[in-house]
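Observations on the three-dimensional arrangement
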Amino acid sequence: MNENDPQISQDITNLITVGNAFSEHAKMSMRNVNVFYADKQAIHDVSLDIGKNEVVAMIGPSGCGKSTFLRCMNRMNDTIDSCRIEGDFRLEEDDIYHPNQDVVALRARVGIVFQKPNPFPKSIYDNVAYGPKVHGLASSKTDLDEIVETSLVRAGLWNEVKDRLTAAGTGLSGGQQQRLCIARTIAVGPEVILMDEPCSALDPIATAKIEELIAELSQNFTIAIVTHSMQQAARVSQRTAYFHMGKLIEVNDTKKVFTNPEHELTEAYITGRFG
Amino acid sequence: MAQKEYTVDNTNLDKHISQSFNEELETIKNQVLAMGEVVEQQIADAVESIVNVDKELAKKVVAIEDDVNVREVRLDELCVEVLACRQPAAGDLRMILSATNIIRDLEHIGDEAEKVAKMSLTLAKKGAAPGGYEEVRHMGELVHTMLNSVLDAFNRLDVTQALAVAKADKKVDREFKSAMRVIVTYMMEDPRSIKRAMNIITALRALERMGNHSRSIAEHIIYLVKGLDVRHTSIKEIASKLGQ
Amino acid sequence: MTNLSSQPAANAQTPSTMDLVNKNLAKRYRAEKRFKAYGIAAILFGLACLVILFTDIVSKGHSAFLQTYVYLEVTYDADTLEIDDINNPQQIAIADYSALVKASLRQQFTDAKSRKERRNLYGLVSNGASFTLRESLEDNPALLNQTVGVWLLADDDVDTYYKSRGDDKADAFVGRLVPKQVAWIETWITNQQIKKRFNTTFFTSGDSREPEQAGILGAMAGSLFTLLVTIILSFPIGVAAAVYLEEYAPKNKLTDFIEVNINNLAAVPSIIFGLLGLAIFIGYFEMHRSLPLVGGLVLSLMTLPTIIISSRAAIKSVPPSIRDAALGLGASKMQVILHHVLPLSMPGMLTGAIIGFAQALGETAPLLMIGMVAFIVDIPGGISDPSTVLPVQIFLWSDSPERAFIERTSAAIMVLLAFLITMNTFAILLRNRLERRW
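Keep in mind that this is a model prediction, so the values were computed, not measured. (Residues numbered from 1 in each chain as written. Chains lettered and ligands numbered in written order. Predicted model: local features only at pLDDT ≥ 70, side-chain atom pairs only at ≥ 80, totals over all residues. Heavy atoms only, no water.)

1. Things to note about the overall build of chain B
Each helix and strand counted, chain B has seven helices and zero strands in total. In sequence order, chain B lays out its α and β elements as α-α-α-α-α-α-α. In terms of C-alpha radius of gyration, chain B reaches 19 Å, essentially the compact-globule figure of 18 Å for 244 residues. Seen through its C-alpha atoms, chain B measures out along the principal axes to roughly 65 × 40 × 25 Å. Taken across its 244 residues, chain B has 52% of its residues classed as buried. In chain B, 79% of the contacts between residues at least 6 apart in sequence involve partners at least 24 apart. Approximately 11200 Å² of chain B is accessible, and the part contributed by carbon and sulfur atoms is 52%. Averaging the coordinates of the 33 positive side-chain charges in chain B and doing the same for the 39 negative ones gives two points 6 Å apart. (Helix = DSSP H or I, 4+ residues; strand = E, 2+ residues; numbered from the N terminus. Rg over C-alpha atoms; globule rule 2.2 N^0.38 Å. Buried < 20%, exposed > 50% of the residue type's maximum accessible area, 1.4 Å probe, protein only. Contact = heavy atoms within 4.5 Å. Areas by Shrake-Rupley, 256 points an atom, 1.4 Å probe, with all protein chains shown as cover. Lys, Arg positive; Asp, Glu negative; His and termini not counted. Charge placed at Lys NZ, Arg CZ, Asp CG, Glu CD.)

2. Some words on the domain arrangement of chain C
All names here are of chain C. Split into domains, chain C comes out as domain 1 (65–199) and domain 2 (217–434). Computed from C-alpha atoms alone, the centre-to-centre distance between domain 1 and domain 2 is 46 Å. In this complex, domain 1 contributes nine residues to the contact, which on the side of domain 2 involves seven residues. Residues Glu407 and Lys163 are paired through a salt bridge, measuring 2.7 Å at the closest nitrogen-oxygen approach. The interface formed by domain 1 and domain 2 holds two residue pairs in polar contact (both at pLDDT 80 or more) in total. The residue makeup of the side of domain 1 that touches domain 2, split by class, is two nonpolar, three polar and four charged. (Domains from an automatic or database assignment. Salt bridge = Lys/Arg side-chain N within 4 Å of Asp/Glu carboxyl O. Polar contact = N/O pair within 3.5 Å; in protein donor to acceptor, adjacent residues only side chain to side chain. Nonpolar A, V, L, I, M, F, W, Y, C, P; charged D, E, K, R; others polar.)

3. Some remarks on a nonpolar patch on the surface
Nonpolar side chains collect at one region of the surface, where C:Ile40, C:Ile43, C:Leu44, C:Leu47, C:Leu50, C:Leu53, C:Phe54 and C:Val58 lie side by side and expose about 720 Å² of accessible area between them. C:Leu44 sits in the exposed class, given a relative accessible area of 52%. (Patch = residues over 30% accessible without salt bridge, like charges linked within 9 Å, V, L, I, M, F, W, Y side chains within 5 Å.)

4. Here's the deal with the packing of helix H3 (residues 90–126) of chain B against helix H6 (residues 194–226) of chain B
Residue and element names in this part refer to chain B. Where H3 meets H6, the axes come as close as 9 Å, and the angle between the chain directions of the two elements is 170°. With respect to H6, the axis of H3 lies roughly antiparallel. Classifying every residue of the contact of H3 with H6 by side-chain character gives 19 nonpolar, 11 polar and seven charged. (Axes fitted to C-alpha atoms, helices over the stretch in contact; angles between N-to-C directions. Parallel < 35°, antiparallel > 145°, perpendicular 65-115°, else oblique.)

5. Observations regarding the confidence of the model for chain B
When pLDDT is averaged along chain B, the result is 88, and 94% of the positions lie at 70 or above. Per-residue pLDDT stays below 50 along residues 1–10 of chain B; that stretch engages in 18 contacts with residues further than four places along the chain or on separate chains. (pLDDT = per-residue confidence, 0-100.)

6. Let's talk about the pattern of salt bridges
All names here are of chain A. This structure, assessed with the given rule, holds 45 salt bridges over all chains. With a shortest N-O distance of 2.7 Å, Glu54 and Arg239 are connected by a salt bridge. Separated by 185 residues along the polypeptide, Glu54 in the loop between strand S3 (40–51) and strand S4 (55–59) and Arg239 in strand S10 (residues 239–244) bring together distant segments of the chain. The buried category is assigned to Arg239, whose relative accessible area is 4%. The network of salt bridges with shared partners includes Lys27, Glu92, Asp94, Arg109 and Glu191.

7. Remarks on the interface of chain A and chain C
Counting residues at the interface gives 24 residues for chain A, matched by 16 residues for chain C. Each partner contributes to the roughly 1700 Å² buried at the junction of chain A and chain C, and carbon and sulfur atoms together form 66% of this total. The tally of links from chain A across to chain C stands at one salt bridge. Note that C:Asp324 is salt-bridged to A:Arg71, the shortest N-O span being 3.8 Å. (Buried area = accessible area lost by both parts, 1.4 Å probe.)

8. Some thoughts on the confidence of the model for chain C
Residue and element names in this part refer to chain C. A residue-level look at chain C finds 96% of positions with pLDDT of 70 or above and a mean pLDDT of 87. Here residues 4–10 is a poorly scored stretch, pLDDT under 50, and it has six contacts once near neighbours within four places are set aside; other chains count. Under the prediction, the complex receives an ipTM of 0.84, its pTM being 0.76.

9. Let's talk about unusual backbone geometry
Excluding glycine, a negative phi dihedral is what most residues carry, and trans is how most peptide bonds are arranged. One non-glycine residue with positive phi stands out, namely A:Met245, at about 50°. Position of A:Met245 relative to the elements: it lies in the loop between S10 and strand S11 (247–253). Not every positive phi belongs to a glycine, and B:Gln87 is a case in point at roughly 40°. In this structure, B:Gln87 sits in the loop between helix H2 (55–86) and H3.

10. A closer look at the packing of aromatic side chains
Residue and element names in this part refer to chain C. Applying the stated criterion to the full structure yields 17 aromatic pairs over all chains. Grouping aromatic residues by their ring pairs yields a cluster made of Phe65, Phe198, Phe202, Phe203, Trp397 and Phe405. Positioned above the aromatic ring of Trp151, the side-chain terminus of Lys195 is 4.5 Å from the ring centre. (Phe/Tyr/Trp six-rings, centres within 6.5 Å; stacked < 30°, edge-to-face > 60°. Lys NZ or Arg CZ within 6 Å of the ring centre and 35° of its normal.)

11. What to know about the environment of A:Asp143
All names here are of chain A. The residue Asp143 is located in helix H4 (residues 141–154) in this model. Taking the relative accessible area as the measure of exposure, Asp143 reaches 31% and is therefore partly exposed. Separated by 21 residues in the primary sequence, Asp143 and Lys122 have C-alpha atoms spaced 20 Å apart.

12. With respect to the sheet that holds S10(A)
Strand pairing in a sheet relies on backbone hydrogen bonds. The paired strands run either parallel or antiparallel. All names here are of chain A. Pairing is mixed in the open sheet, where seven strands are placed in the order S1-S11-S10-S4-S9-S8-S7. Bordering the open sheet on either side are strand S1 (18–19) and strand S7 (110–113), each of which pairs with just one other strand. As judged from the four bridges shared by S7 and strand S8 (residues 192–196), these two strands associate in the parallel manner. When the sheet's bridge partners are listed, Gly111 is paired in S8 with Ile193. Strands in contact with helix H6 (residues 174–187) are S7 and S8; relative to S7, the strand with the most contacts, it is inclined by about 170°. (Pairing = 2+ DSSP bridges.)

13. Here we look at the nonpolar core
Core analysis: the largest hydrophobic core is formed by 96 residues, its most contacted members being A:Met28, A:Leu48, A:Ile50, A:Met58, A:Phe69 and A:Met73. The greatest single-element share of this core, amounting to 11 residues, is contributed by helix H16 (residues 333–361) of chain C. Every residue in contact with A:Leu48, bar those within four places of it in the chain, is listed here: A:Ala21, A:Met28, A:Ser29, A:Met30, A:Arg31, A:Met58, A:Phe69, A:Ala241, A:Leu248 and A:Val251. Counting 72 residues, the second largest nonpolar core, distinct from the first, contains B:Met139, B:Phe154, B:Ala162 and B:Val230. (Core = buried A, V, L, I, M, F, W, Y, C linked by side-chain atoms within 4.5 Å.)

14. With respect to the pairing of S4(A)
Residues and elements named next belong to chain A. Counted residue by residue, S4 has five buried out of five residues, so it is predominantly covered. By the alternation rule, side chains of S4 split into Val55, Ala57 and Ile59 and Val56 and Met58, which are all buried. Examined bridge by bridge, S4 and strand S9 (residues 222–226) share four bridges and lie parallel to one another. Its bridge partner lying in S9, Val56 is registered against Ala224. The pairing of S4 with S10 spans four bridges and is classified as parallel. For Ile59, the partnering residue across the bridge sits in S10 and is Tyr242.

15. A short note on the arrangement of the chains
Contact analysis covers two pairs of chains in contact, and the most contacts occur between chains A and C. Separating chain B from chain C is a minimum C-alpha gap of 28 Å, and the two share no contact.

16. Concerning the pairing of S8(A)
All names here are of chain A. Burial within S8 is extensive, with five of its five residues counted as buried. Side chains of S8 alternate between two faces, with Val192, Leu194 and Asp196 and Ile193 and Met195 buried alike. For S8 and S9, the ladder comprises five bridges, and the chain directions are parallel. Note that in S9 the partner of Asp196 across the bridge is Val226. Between the parallel pair S8 and S9, the chain is carried across by helix H7 (residues 204–217), and the sense of this crossover is right-handed. (Right-handed = clockwise from strand over helix to strand, strands pointing away.)

Listed below in structure tokens is the structure:
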């Protein structure tokens, strides 16, 4: 049925992004990004700004390139040999892909939270302390203790784990693990937090907690979140970007996207007309 | 009452992955149209009952009002169900929101039709008004056409036609004012007829309200199709927003 | 089930799904049971083999842990020993103690007249007995010219006879013993001059031509040193190679080629490694033969592929999410490997390494090639002392004609197995400790 639908199978080769992809107070700005896996092009000429203290949600069907785009934002795709990235990525004024840009330093500024909660098989304390230790952020044990506590407090996990900081991080529930991962990320003191489907492995209550946390974090951090749940995008983000087959179809205020999207592909996706 | 089968292919309501969601939306749309048809008939019958002093017809209009109320409640339930279970977004969300608002307007139109029918009964009992029957017939036709047209616009999601209906409300208002002037003249001529004239004025006022509600429906259709909120906006502004 | 099947079918012509399912159910259950039974049978077969093996080895070898001793009245006669100054250790050291034993034997059995008979008589006591006498005199010089009763090591033929005799003389294994000798032994038995004691010699001395003096310690030390060299060399090298191949090596033809070769090397017969060792370490580097160092080098070569392959598998099994997490926090590649990949894959690596080392411990063929098959009496004190190893010792003894070596062979196998089990237990404990941390 969908294949025959003129609306959905329409030619998108010459498509340009509708809506408002740019921001006046851009924390990160990506321009004309093309990403290739070997010969296959995964991202076609995408330009997008993430504003300071803004939550931008990226939605789209599977394989639309949203996760790839997100991972390019802190060079996580460097580890993939066949991945080739073109275009301009800037964190404020700094070129992320500049040869002199150190990846380690970049990732201290742009943290990432993954789909599956992936705490290290270490204690809760060590999980949070790992980043600061690696980057040498704490000069003393007291310093480190303080960073760990603040991060856990900010991640809303402190009260649940303060009595068992030495317990294994992997022993927590899924939602707690994911908040631990967020605490671990913010312990490094990043400016931007990237989230790659952070709630897809969690139950609704844990999801609600994470979403609440995202809202709080957005006061101090700039957040880009990839999600498969449109409701989640609607709940947590200020702007929503819709990706389709490696293209950025539409970027608009979340309210607009979910009540009156500009592009019919966006409309078709968020109303569940194709998957 | 024979229900007409409405097709909804032009709205893409049937393009969801979830077949049952398609069906729910179609049901809502068809039910709204069916309710509209009942209300349409109410208007026609109410007006006719005044013009022809037909007590039976007036009673029938009053009786049908219960049916309209039941339909309103049932449709509301359906809309709440869809909102709760499907969390519709964008076009679907606007569809449900418009539907609930249109239902409300239709119900109000039904109420007004009942009012007209009741006036018809009063007039039949207390004696005919000094005049204004022709105006009632004329306005009744206008309002009936408006409702018919706006329901058609809803069925086809036709913004142009909805805009035309919104414009037509002006005409009803003008008709109402001129009818008032005529009746006021009668009343001045014969103050004893004031009591009976008041009845016909109530009927005319009800018809004028129906016009307003029809315009409201038209505005909801514009919101449904274009996502533009055009309430409390002049026709000119609406037209410019729609680029027409 | 019965309830469901008793429901009437909706349509008489076409049997309901439940009927069809029920019909096949019994068959499926049977198949399931059979499948399980095959597994149990396989395990039972394995267990049975193991039990047979152990029973055989233990039943043959347990007697080697006991050794027959003979009680003789020995006079430390200064004249016979030609000692005139008891404070001269030199004299004590070179004295002919076997003469004392011979004198004592002659004294007890006066019926040994001819030279041949006397030789037979002397042959009843091991020539190791003279060492016992010397040691006791060295410890206590006051014994000179005293007559004391001592328990002396019996000859292996006597040992075999006495162990196999049991209660009935007729069951005994006579072997090379002549009737006269048997009669003398019987006299000892009647006098209760003969008994079995725990065989300390077996655990404290090196190899010997005489079974009653042959011990396993030399081979054990040899095995230990060889294995030590193997562990120290192959584990770090193997892990380093695995880490490079998994984490750093570009995916190209060369890497593929290396990978194929490593896999092939794991399947190369071990004797080839022995030839390689012979050619390179002994032939080219001119190292000495029979050294644990060379043996360890050869076994390292043999073990490396196993360790590399298992280590790579262990590294691969570290969840990518952990790598991503560490990378995402800004850890460098080396930090990711050292902090996360290695600790997490260590249990897996150890498992592979244990298998490799167990193989190395039991390996004979390559060591034969580099001369670790030599007859070495001295117990090696380091990796550069000539030595042999346990499996080679077993091989040597199993080849010896003396009947007493049969039980020693089995006993040596038991020691080897105990060695293996100890090593594996240690490794498994270590692995569990690493695993249990999280």
